[in-house]
Amino acid sequence: MFSLVDLLTGNGFAHGVHPPDSKELTEAVPIRRMPFPEEVVLPVRQHAGKPAVPIVRPGDRVERGDTVAEADGFVSAPVHASAAGTVKEIGWWPHPDGSTDRAIRIAVDRWSPQIPRPRIVPRWEGLAADEVVRAVQAAGVVGLGGAAFPTHVKLSPPDDVDIELLIVNGAECEPYLTTDHRTMVEYPERVHFGVRVMMRALGVEQAVIGVEKNKPDAIERLRETAPGDLDVEVVGLTVKYPQGAEKMLIKSVTGREVPSGKLPMHVGVVVQNAGSIATIAEVFESGLPLVERIVTVTGPGVRRPSNLIVPVGTRLRDALDFCGGLADDATEILFGGPMMGVPQSDLDVPLVKGTTGVVVLTGAGSAERTAYPCIRCGTCLEACPVFLNPQRLGRLARAGRYEEMAESHLDDCMLCGSCSYVCPSNIPLSQMFALAKGQLRRLRAKAA
Amino acid sequence: MSEARFELTASPRLKAPDSTARIMWTVSATLAPATLAAAWLFGAGVLLVVAAAILGAAATERLFEGAGTLSDGSAVLTGLLLGLTLPPGFPLWMSALGGAAAIGFGKAIFGGLGQNVFNPALLGRAFLQAAFPTAITTWAPVGPGGDAVRGDLFAFPFTTPEAADAVTGATPLGLMKFEGVATDAVPLLLGNTTGSLGETSAVLILAGGAYLAVKRYLDWRIPAAIFLTVALVSGALHAIDPGSPGPLFSLLSGGLVLGAVYMATDPVTSPVTKPGAWIFGIGIGLLVVLIRVWGGLPEGVMYAILFMNALVPFIGRATQPRVFGTAGEEGAA
């Protein structure tokens, strides 16, 4: 949408939407550590790429930080025991993406002090760039912003691309979520340390930390703690959804457009989410691999909205209990925010590496809204951050004309939901596009 | 905590508060001042003309679509807009028939809301123009309002009303076209001139349109393009031939303001893209001046909009947005 403020101050992208951010529930709530639950459930697939391969057996005793599943190839990441205990079972378990997948269940040892043994991740000082990359993979570090892309892959760009800028994604544009916000406020040194590690591994001289302007305390803390010897700039970004989408963030910070079908590295940029970059720092500081993460548990349907440090694999049920449980009128539980989050129906589902938050909503869901025919008002065209024509794509989706949708750049759709959010006729555009993408994948797989 | 009760709806779960029904009813509400002004200028009888058109439209919508779609407000809006384009003394049965034609031929046969090619209200008016050429050009003059009922409102259905010459007058456009007499801008702006009942007060219509533009319920580019084009082209013609109407007269007379603000901006029958909106508006502006100056009719707004409605799919095809990260390309509509 056209905004004079954006035009004058820059640091924005065109189009986008302004949902209420609802962050007041947790933005000022300090991060607390949740006690160890009785059981943790570790899916072998907690990252983009090939699932990890279990190397433990039921009955095995594991300590906190032990590898329980190994990476399967380069685009993969290992999984570590997030608590000391006994492997109970390796079997099928509800997965946060809605499927059922293989997971390693560990009965947590109630009497274990849960203290790490001698460091597992090597000290950072003195490591060469490729050793840093290897250590990051061995520590199971993946992007914690939701997509869970293995970090070491990002740190290993092909030789023919030239990376010149690291952008730290502190936009956190999804309503409700305050994970990255609290991380930046409480652990700004970790963010800067993570930046230092990534800059060394990538060999870049310049980094920008982009933070939406609705988090002035985070911007201030990051500026206060910025190291003098690195070229790191903290930039305030226009508050607009989806500011945190990689392509939008790069556009806002550099003015460059990532070409359709290409990656950030093709415009010389690597983007890493603020929480993930702090995690890189954390694994090198503590010597422990990625065994815990910060999660916002919030929404009108949670009695005590909180920012928590939870062991990876904590079941949803346990996290909710620690936050006072569900309100009586809770109707929907999402992993992630209300724009792109994934609904959950099973309270046994574990919080995994890519779980940014748990949002519990009340009231009627989207299915109960009255739908009207499309009146071609064009609001969706003004919302789409990648300048698609959702109105036309929606018409094609209804007719099942998926190939034509592909010709009209369906692949550029990020499923950010902006079109569905603004549509006055309540047409589930983004939802239809998700379906169409699945159908197209199937068609293409059949053709190949 | 029982598990079964959680909803599973695909994201996004959030939704902006605007709805199509709210847009339709809001647009209708912004026409209230112009409608009331017409009642004040021409007498309360015009409210009956408008009501008859709305009734005809709503009843037809009910007939074709069932009760469900009446609440979206689009049929009432169509009837209201049609009513505002009719002469103050128009027989009520014709008005109701026009409303029925607007929904029946203008919308229902295309498949309902969102599917129609032409603006339904204008299609209804075109129907009436063809069916009742005399009645639709019989203009009751402005006079003291109040409870006065003029013209042949209560003419019995399917009878041709008596042409009551004594109480009719010519519209400013008619005066201009056939007698070369221009009307001053002030009465045109305020609406105390002869004309269709809702189109005479430019000020109130523009105020309603401005509100809708701020709310983003209509695309300001379309009226802006129409006004600019009409002003520039008629200004140029006026400079060449001072006998032709000047820009101010061209802008304020006839149905231009009502058409540009409320008819051309009908989202269903106008382009969805921004460049498309400009092209569409410029096309309407050119056609309006063309018809008014060289055509046989004094007024051309209705045909200009209907003609451009037909071109909307082609305009859409030619103005697809440039996808992020591409150089832009030809898209199909």
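Residues numbered from 1 in each chain as written. Chains lettered and ligands numbered in written order. Predicted model: local features only at pLDDT ≥ 70, side-chain atom pairs only at ≥ 80, totals over all residues.

1. A look at the overall build of chain B
So, step 1. Within chain B one finds 14 helices and zero strands.
So, step 2. Taken from N to C terminus, the helices and strands of chain B fall in the order α-α-α-α-α-α-α-α-α-α-α-α-α-α.
So, step 3. Put simply, chain B has 333 residues, and 54% of those count as buried. (Helix = DSSP H or I, 4+ residues; strand = E, 2+ residues; numbered from the N terminus. Buried ≥ 20, exposed ≤ 12 C-beta atoms within 10 Å, placed from the backbone.)

2. Re the interface of chain A and chain B
So, step 1. Taken together, the contact between chain A and chain B spans 52 residues of the former and 35 residues of the latter.
So, step 2. Looking at the side of chain A that touches chain B, the elements with two or more residues in it are β15 (330-335), β16 (342-344), α13 (418-422) and α14 (429-447) of chain A.
So, step 3. Top element by residues in the side of chain A that touches chain B is β15 of chain A. It accounts for four residues.
So, step 4. When its residues are assigned to classes, the side of chain A that touches chain B shows 27 nonpolar, 18 polar and seven charged. (Contact = placed C-beta atoms within 7 Å. Nonpolar A, V, L, I, M, F, W, Y, C, P; charged D, E, K, R; others polar.)

3. So, helix α1 (residues 20-30) of chain B
Residues and elements named next belong to chain B.
So, step 1. Within the sequence span of α1, burial applies to Thr20, Ile23, Met24, Val27 and Thr30. Looking straight down α1, one finds that the buried residues subtend no more than 130° of arc, so they occupy a single side.
So, step 2. Among the structural elements, α4 (74-84) and α9 (202-214) are those in contact with the buried residues of α1. (Arc of directions from axis to C-beta.)

4. Re the nonpolar core
So, step 1. In this structure, Leu166, Ile167, Val191, Met198 and Ala319 of chain A are the most contacted members of the largest nonpolar core, which totals 143 residues.
So, step 2. The element that contributes the greatest number of residues to this core is helix α5 (residues 188-202) of chain A, accounting for eight residues.
So, step 3. Not counting chain neighbours up to four residues away, the residues in contact with isoleucine 167 of chain A comprise Val208, Gly210, Leu249, Ile250, Val253, Val269 and Val271 of chain A.
So, step 4. Counting 85 residues, the second largest nonpolar core, distinct from the first, contains Val49, Leu251, Val301 and Met308 of chain B. (Core = buried A, V, L, I, M, F, W, Y, C linked by C-beta atoms within 7 Å.)

5. Details of the confidence of the model for chain B
So, step 1. On average, residues of chain B carry a pLDDT of 86, and 89% of them reach 70 or more.
So, step 2. Overall fold confidence (pTM) sits at 0.90, and the ipTM for the predicted complex is 0.86. (pLDDT = per-residue confidence, 0-100.)

6. Examining the sheet that holds strand β8 (residues 100-108) of chain A
So, step 1. One open sheet accounts for four strands, arranged β2-β8-β7-β4 (chain A); its pairing is antiparallel. Of all the strands in the sheet, the pair left with one neighbour each is β2 (39-43) and β4 (61-62) of chain A. (Pairing = 2+ DSSP bridges.)

7. Description of the pairing of strand β12 (residues 269-273) of chain A
All names here are of chain A.
So, step 1. Of all the five residues making up β12, five are buried; the element is thus mostly covered by neighbouring parts of the structure.
So, step 2. Along β12, one buried face is formed by Val269, Val271 and Asn273 and the opposite face, lined by Val270 and Gln272, is buried too.
So, step 3. Bridge count between strand β9 (residues 165-170) and β12: five bridges; the pairing is parallel. Paired with valine 168 across the strands is glutamine 272, a residue of β12.

8. Quick look at helix α4 (residues 179-186) of chain A
So, step 1. Here α4 of chain A lies mainly inside the structure; seven of its eight residues are buried.
So, step 2. Within α4 of chain A, the full set of buried residues consists of Thr179, Asp180, His181, Arg182, Thr183, Met184 and Val185 of chain A.

9. Notes on the packing of α4 of chain A against helix α8 (residues 274-286) of chain A
Residues and elements named next belong to chain A.
So, step 1. The N-to-C vectors of α4 and α8 enclose an angle of 45°; their axes lie 8 Å apart at closest approach. Classified by the angle between their axes, α4 and α8 sit oblique to one another. The crossing of α4 and α8 is left-handed. In this structure, α4 uses Thr179, Asp180, Thr183 and Met184 to contact α8, whose residues at the interface are Ala274, Gly275 and Ala278.
So, step 2. Partitioning the contact of α4 with α8 into residue classes produces three nonpolar, three polar and one charged. (Axes fitted to C-alpha atoms, helices over the stretch in contact; angles between N-to-C directions. Parallel < 35°, antiparallel > 145°, perpendicular 65-115°, else oblique. Left-handed = near helix turned anticlockwise from the far one by under 90°.)

10. Side note on unusual backbone geometry
So, step 1. With an omega dihedral of -5°, the bond running from tyrosine 241 of chain A to proline 242 of chain A counts as a cis peptide bond.
So, step 2. Note that the residue after serine 11 of chain B, namely proline 12 of chain B, is joined by a cis bond; omega there is 0°.
So, step 3. Position of proline 12 of chain B relative to the elements: it lies in the segment before α1.
So, step 4. One non-glycine residue, glutamate 172 of chain A, adopts positive backbone phi at about 40°.
So, step 5. Examined against the element boundaries, glutamate 172 of chain A turns out to sit in the loop between β9 and α4.
So, step 6. Judged by C-beta crowding, with 33 C-beta atoms within 10 Å, glutamate 172 of chain A ranks as buried.
So, step 7. For leucine 415 of chain A, which is not glycine, the phi torsion reads 60° and is therefore positive.

11. Concerning the environment of aspartate 329 of chain A
Residue and element names in this part refer to chain A.
So, step 1. Turning to its location among the elements, aspartate 329 is positioned in the loop between α9 (316-322) and β15.
So, step 2. Aspartate 329 sits 34 residues away from glycine 363 along the chain, and the two C-alpha atoms are 7.2 Å apart.
So, step 3. Those residues in contact with aspartate 329 that lie beyond four places of it in its chain are Gly301 and Thr362.

12. Let's talk about the pairing of strand β11 (residues 231-237) of chain A
Residue and element names in this part refer to chain A.
So, step 1. By the bridge criterion, seven bridges tie strand β10 (residues 206-212) to β11 in an arrangement that is parallel. Residue valine 208 lies in a different strand from β11, and its bridge partner there is glutamate 233.
So, step 2. The handedness of the β10 to β11 crossover, carried by helix α6 (residues 216-224), is right-handed. (Right-handed = clockwise from strand over helix to strand, strands pointing away.)

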